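One letter stands for each residue in the lines below.
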Amino acid sequence: MCITCALCDVSLTGQSSVKREDANLCITCSSHKCPGCKREVKPSQKKVEYNNERWHDECFTCLFCKHTITCQPFFPSSGGAVCERCHAKKLVDTCAVCDIPVEQEGFSFDGKLYHCSCFTCERCDLSLISRRFTPHDGHIYCTECFLQHCVSMCERCSKPLIGIRYSRT
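Bear in mind the structure is a predicted one, so any value in this text is a computation, not a measurement.

Time to look at unusual backbone geometry. Backbone geometry places Asp-9, a non-glycine residue, at a positive phi of 65°. Position of Asp-9 relative to the elements: it lies in the segment before strand E1 (17-20). We note that Lys-66 has phi near 70°; this positive angle belongs to a residue other than glycine. Position of Lys-66 relative to the elements: it lies in the loop between strand E4 (53-56) and strand E5 (74-77). Relative accessible area serves as the criterion here: at 53%, Lys-66 is assigned to the exposed category.

Shown next, in the form of structure tokens:
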């Protein structure tokens, strides 16, 4: 009968081994410390193996929200792992309008990122992709809506008063 390590199944015949909790362990497996809490990971404990390290189930948590991510999809990151939710919120740019990650095509304006379908006129909801637009007071308008709703008109000629500062003295 061949004796093997309870964790890695390597043969212990002719090798030094350690017996813990009725389990035979090779020297490598007997010295595993959890990167999260720095305590020993015992053979009988539930564990997660990630990046050639053994973590206690409860110690394998998201770097940002600290929720356990055992048996859940996650994204590798330096120093650990990131859950799907935090990855979408913190590591992927989100749309300035709908706050959903922009994973495919997007449009950038004034330091903000938009889905192409979300980059629309504040007033009429027409797409502003391939159209002229004007930002005004934190909103973006197509030229037509800007002229109709955001600009004062000359009382005499009914043309928009744009870029003219006038005061009566």
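Read on for the rest.
A few words on the confidence of the model for the protein chain. Detail in the predicted coordinates should be disregarded across regions flagged by low pLDDT. In the predicted model, the protein chain carries a mean pLDDT of 83, and the fraction of residues at 70 or more is 94%. Mean pLDDT per element in the protein chain: helix H1 (residues 27-30) is the minimum at 73, and strand E10 (residues 139-142) is the maximum at 92.

Here strand E3 (residues 47-50) pairs with E4 via four bridges, running antiparallel. Paired with Val-48 across the bridge in E4 is Trp-55.

Our focus in this paragraph is the pattern of salt bridges. Counted according to the given criterion, the structure contains two salt bridges. A salt bridge links Arg-54 to Glu-49, with the nearest nitrogen and oxygen atoms 3.1 Å apart. Judged by relative accessible area, Arg-54 falls into the buried class, the value being 8%. We note a salt bridge from Glu-144 to Arg-131, for which the minimum N-O separation is 3.5 Å. Residue Glu-144 is found in helix H3 (residues 143-149), and its partner Arg-131 is found in the loop between strand E8 (112-115) and strand E9 (133-136); the two are separated by 13 residues along the sequence.

Calculation criteria
Residues numbered from 1 in each chain as written. Predicted model: local features only at pLDDT ≥ 70, side-chain atom pairs only at ≥ 80, totals over all residues. Heavy atoms only, no water. Helix = DSSP H or I, 4+ residues; strand = E, 2+ residues; numbered from the N terminus. Buried < 20%, exposed > 50% of the residue type's maximum accessible area, 1.4 Å probe, protein only. pLDDT = per-residue confidence, 0-100. Pairing = 2+ DSSP bridges. Salt bridge = Lys/Arg side-chain N within 4 Å of Asp/Glu carboxyl O.

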